[in-house]
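Chains, contacts and geometry: an overview
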Amino acid sequence: MRTTHQPIESALRPSGEVAEALERGAPVVALESTIISHGLPQPRNLEVAAELERIVRDAGAVPATIAVLDGVARIGLDEGELERIATEPGLRKLGFRDLPAAAALRASGATTVSATSFLAARAGIRVFATGGLGGVHRGWVETQDESADIDMLSRTRITVVCAGVKSILDVPATLQRLETRGVTVAGFGTDEFPGFYLHTSGERVDWRIETPEEAAGVMRAQDALGGPETALIVANPVPRDRQLDPALHDRVLAEALESAERQGVSGQAITPFLLAYLVKGTDGASLEANLAAVRGNARVAGLIAAAWSRGN
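Quick caveat, the model's predicted, so the values are computed rather than measured.

**Notes on the overall build of the chain**
Each helix and strand counted, the chain has 14 helices and 11 strands in total. By the compact-globule yardstick of 20 Å for 312 residues, the chain fits well, its C-alpha radius of gyration being 18 Å. Taken over the C-alpha atoms alone, the chain extends approximately 55 × 45 × 40 Å along its principal axes. Scored against the burial criterion, the 312 residues of the chain give a buried share of 52%. Working note: accessible area of the chain is about 14,400 Å², and carbon and sulfur atoms make up 51% of it.

**Description of the side chain of Thr230**
Considering the arrangement of structural elements, one finds Thr230 in the loop between helix H11 (212-225) and strand S11 (232-235). Overall, the relative accessible area of 9% leaves Thr230 in the buried class. In terms of polar contacts, Thr230 uses its side chain to reach the backbone carbonyl oxygen of Gly182, at 3.3 Å. When sequence neighbours within four positions are dropped, the list of residues in contact with Thr230 reads Leu153, Ser154, Thr156, Arg157, Ile158, Arg181, Gly182 and Gln222.

**Focus on the pattern of salt bridges**
Side chains that differ in charge, positive against negative, can pair when their charged atoms come close. Taken as a whole and judged by the stated rule, the model has 17 salt bridges. Glu51 is the salt-bridge partner of Arg295, the closest N and O atoms lying 2.7 Å from each other. A residue pair is termed long-range when its members are at least 10 positions apart, and Arg295 in helix H14 (residues 285-310) and Glu51 in helix H4 (residues 44-58) qualify at 244 residues. Judged by relative accessible area, Arg295 falls into the partly exposed class, the value being 21%. Take Glu51: its relative accessible area is 21%, and that puts it in the partly exposed class. Here Glu81 ties to Arg74 by a salt bridge, and the two come within 2.7 Å at their closest N and O atoms. Arg74 shares its class with Glu81; the two are buried.

**Some remarks on the environment of Val48**
Within the fold, Val48 resides in helix H4. On a C-alpha basis, the gap between Val48 and Ala306 in space is 22 Å, while along the polypeptide they are 258 residues apart. Excluding residues that lie within four positions of it along the chain, Val48 makes contacts with Leu40 and Leu291.

**Brief notes about the confidence of the model for the chain**
Here the chain averages 92 in pLDDT, while 93% of its residues score no lower than 70. Low pLDDT, under 50, characterises residues 1-5; the stretch is placed with 0 contacts to residues that sit more than four places away or in other chains.

**Brief notes about the packing of aromatic side chains**
Applying the stated criterion across every chain yields a total of 3 aromatic pairs. A ring pair is formed by Phe196 and Tyr197, whose centres lie 4.5 Å apart and whose planes are at 40°; its orientation type is tilted. Its relative accessible area of 3% is what places Tyr197 among the buried residues. Measuring from ring centre to ring centre gives 6.3 Å for Phe273 and Tyr277, while their planes differ by 40°; the resulting arrangement is tilted. With Phe273 and Tyr277 both in helix H13 (residues 270-281) and 4 residues apart, the pair spans about one turn of that helix. For Tyr277, a relative accessible area of 27% gives the class partly exposed.

**Quick look at the packing of helix H12 (residues 246-263) against H13**
For the pair H12 and H13, interaxial distance at closest approach is 9 Å and the crossing angle is 135°. By the angle between their directions, the pair H12 and H13 is classed as oblique. Judged by the twist between their axes, the crossing of H12 over H13 is right-handed. For the pair H12 and H13, the contacting residues are Leu248, His249, Val252, Leu253, Glu255, Ala256, Leu257, Ser259, Ala260 and Gln263 in the first and Ile270, Phe273, Leu274, Tyr277, Leu278 and Gly281 in the second.

Basis of the calculations
- Residues numbered from 1 in each chain as written.
- Predicted model: local features only at pLDDT ≥ 70, side-chain atom pairs only at ≥ 80, totals over all residues.
- Heavy atoms only, no water.
- Helix = DSSP H or I, 4+ residues; strand = E, 2+ residues; numbered from the N terminus.
- Rg over C-alpha atoms; globule rule 2.2 N^0.38 Å.
- Buried < 20%, exposed > 50% of the residue type's maximum accessible area, 1.4 Å probe, protein only.
- Areas by Shrake-Rupley, 256 points an atom, 1.4 Å probe, with all protein chains shown as cover.
- Polar contact = N/O pair within 3.5 Å; in protein donor to acceptor, adjacent residues only side chain to side chain.
- Contact = heavy atoms within 4.5 Å.
- Salt bridge = Lys/Arg side-chain N within 4 Å of Asp/Glu carboxyl O.
- pLDDT = per-residue confidence, 0-100.
- Phe/Tyr/Trp six-rings, centres within 6.5 Å; stacked < 30°, edge-to-face > 60°.
- Axes fitted to C-alpha atoms, helices over the stretch in contact; angles between N-to-C directions.
- Parallel < 35°, antiparallel > 145°, perpendicular 65-115°, else oblique.
- Left-handed = near helix turned anticlockwise from the far one by under 90°.

See below:
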């Protein structure tokens, strides 16, 4: 039986600027699009999308915001495409597992960490900036609920700059799972793993790096050693003066978890439920801490991409 394969260029389409930058080895930073479509209210979401791209450019790299539009994975969006991600109603939220269906059915959607990591690496981008990663959920023993981010990062050679994992998760279990899957975690200027909205989760990291050049050196060592194509997580904490008040965070999160249990919220619905509860329960302070973290991560990612590019 004859089989046909869709050419990769028809399913994966870098923008002209991104394609040119990759061709000449210039620094490029991938940005996810779910924060635009699902994480922020309009019109602020579009403003933040443009701001994050400016931050990456100011750090010396080309931004590549990633999304799927009409079945095609776009690696780098123009102004009209960014606006579409920010305003189109009913836009899907796409993880890695959703990409084949979206491509075949010509669907549109914003990409999560797992999808963005895969598409960025597939396009030849080595550095990706995001807010917080997914991980092992609380109550894993009963539910075995674990984000697809962990699996994807265990088999994708990409450097992810993040503010740790979402604080609604089981942070110690997530760090243990990352270790088991062979994913290197390094604190950027810190010995403690960040707590997403918080400067620290209280958990220690085994490795600390101080500069973008050191991060690039770890990336080169990954390639030189070979082995499984695992990711490097650069954990960059939100500044202490921009973090969510820890006591407020703990109180509202406890209320959110109790409310979720009372209402029977579980599975894929639990993360958006808890995050939305935190935004409401902190009068938007959690959202501001999240944005402070993402801005810092975009800057550090741009600097790492530039250092990586200079050494290649």
